[in-house]
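Each chain, letter by letter, is given below.
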Amino acid sequence: MTKPYNKPRVIISSLDTERLEQLEQLEQLIESLSDMSFPGKDDLEVELARAEIVEPEDVPATVVTMNSTVRFEVDSSHEEFCLTLVYPWNVDTSGEKISILAPVGSALLGLSQGDEIEWPKPGGGMLRVRIKEVTYQPERSGEYHR
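Note that the coordinates shown come from a computational prediction; the quantities given were computed from them, not determined experimentally.

Colleague: Describe the pairing of strand E7 (residues 126-136), naming the residues involved and giving the relevant values.
Modeller: Summarising the sheet, strand E3 (residues 69-74) and E7 pair through six bridges and their orientation is antiparallel. Paired with Val70 across the two strands is Val134, which belongs to E7. Pairing geometry for strand E6 (residues 116-120) and E7, over five bridges, is antiparallel. By the bridge assignment for E7, Trp119 is matched with Leu127. Between E6 and E7, which pair antiparallel one after the other, the connecting turn spans five residues, and Gly123 there sits at a positive phi close to 85 degrees.

So, in structure tokens, the structure goes:
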């Protein structure tokens, strides 16, 4: 039997919020020029709307922010990953980064160690992601202007 699901608290830095809003404006421009859009956009917007926005220096050390490296598990497969959450232009071929525009990437932002969230999968269905550890967070390291 699956345990009941409650959405976890979401905390996002004002700097990340500002940059994500710029990304959304860019996405709207791209959509107006083509049929491309990223799955989960509406879900990310809902999460951003309910997020508690704090100054970068006030972000708790266990919260996933942009450019954080996070160890997480996908519940259905029990696969564990350790990836850095990045803006789309910072994704490379190393396999060590995940874009905020990827469904799992957008699910991670603002969660804390121990949190889990259900998130729509491309093509339908839901996946549950559990945050095991934030192994690196820029704000925790004093990097506020990245």
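Colleague: Please give an account of the nonpolar core that cites residues and values.
Modeller: If you look at the biggest cluster of nonpolar residues, it comprises 28 residues, and the most contacted ones within it are Phe72, Ile100, Leu108 and Ile131. Among the elements that take part in this core, E7 stands out by supplying four residues, more than any other.

Colleague: Tell me about the sheet that holds E3, and please be specific about residues and values.
Modeller: Sheet strands line up and pair through hydrogen bonds in the backbone, either parallel or antiparallel. Ordered in space as E5-E4-E3-E7-E6, the five strands form an open sheet in which the pairing is mixed. Each end of this open sheet is capped by a strand with a single partner; those strands are strand E5 (97-99) and E6. Sheet twist, expressed as the mean angle between neighbouring strand axes with direction ignored, is 45 degrees. One ladder, built from six bridges, connects E3 with strand E4 (residues 79-86); its direction is antiparallel.

Colleague: Before we move on, could you go through the pattern of salt bridges and cite the residues and values that matter?
Modeller: Per the stated rule, a full pass over the model turns up 11 salt bridges. Arg71 is paired through a salt bridge with Glu80; the nearest N and O atoms lie 2.9 Å apart. The class for Arg71 is partly exposed, based on a relative accessible area of 26%. A salt bridge links Lys97 to Asp92; the nearest nitrogen and oxygen atoms lie 3.2 Å apart. For Asp92, a relative accessible area of 37% corresponds to the partly exposed category. Put simply, Arg71, Glu73, Asp75, Glu80, Glu116, Glu118, Arg128, Arg130, Lys132 and Glu133 are held in one network by salt bridges that share partners.

Colleague: Explain the packing of aromatic side chains to me, and be specific about the residues and the numbers.
Modeller: For any pair of aromatic rings, geometry is given as the distance between the ring centres together with the angle between the planes. As enumerated under the stated definition, the model contains two aromatic pairs in all. Taken together, a centroid distance of 5.5 Å and an interplanar angle of 25 degrees make the contact between Phe72 and Phe81 stacked. Owing to a relative accessible area of 2%, Phe72 belongs among the buried residues under this scheme. What makes Phe81 partly exposed here is its relative accessible area of 30%. Here Tyr87 and Trp89 contribute two aromatic rings whose centre-to-centre distance is 5.2 Å and whose plane-to-plane angle is 5 degrees, an arrangement assigned as stacked. Judged by its relative accessible area of 3%, Tyr87 is buried.

Definitions and limits used
- Within any chain, residue numbers begin from 1 and follow the written order of that chain's sequence.
- Where local features are concerned, this predicted model is filtered to residues with pLDDT of at least 70; where side-chain atom pairs are given and counted, the filter is 80 or more; whole-chain, interface and lining totals use all residues.
- The basis for every side-chain value is the complete set of heavy atoms in the structure, and neither hydrogens nor water enter the calculation.
- In short, DSSP must find at least two bridges between two strands for them to pair.
- Secondary structure follows DSSP: runs of H or I at least 4 residues long count as helices, runs of E at least 2 residues long count as strands, and numbering of each begins at the N terminus.
- To qualify as a nonpolar core, a set must consist of buried Ala, Val, Leu, Ile, Met, Phe, Trp, Tyr and Cys residues joined through side-chain atoms within 4.5 Å.
- Relative accessibility thresholds used throughout: buried, under 20% of the residue-type maximum; exposed, over 50%; partly exposed, between the two (1.4 Å probe, protein chains only).
- Each axis is a line fitted through C-alpha atoms, taken for helices only over the stretch in contact, and angles between the N-to-C directions span 0 to 180 degrees.
- What makes a salt bridge here is a side-chain nitrogen of Lys or Arg within 4 Å of a carboxyl oxygen of Asp or Glu, nothing more.
- For Phe, Tyr and Trp, where Trp contributes only its six-membered ring, two rings pair if their centres lie within 6.5 Å, and the inter-plane angle classes them as stacked under 30 degrees, edge-to-face over 60, or tilted in between.

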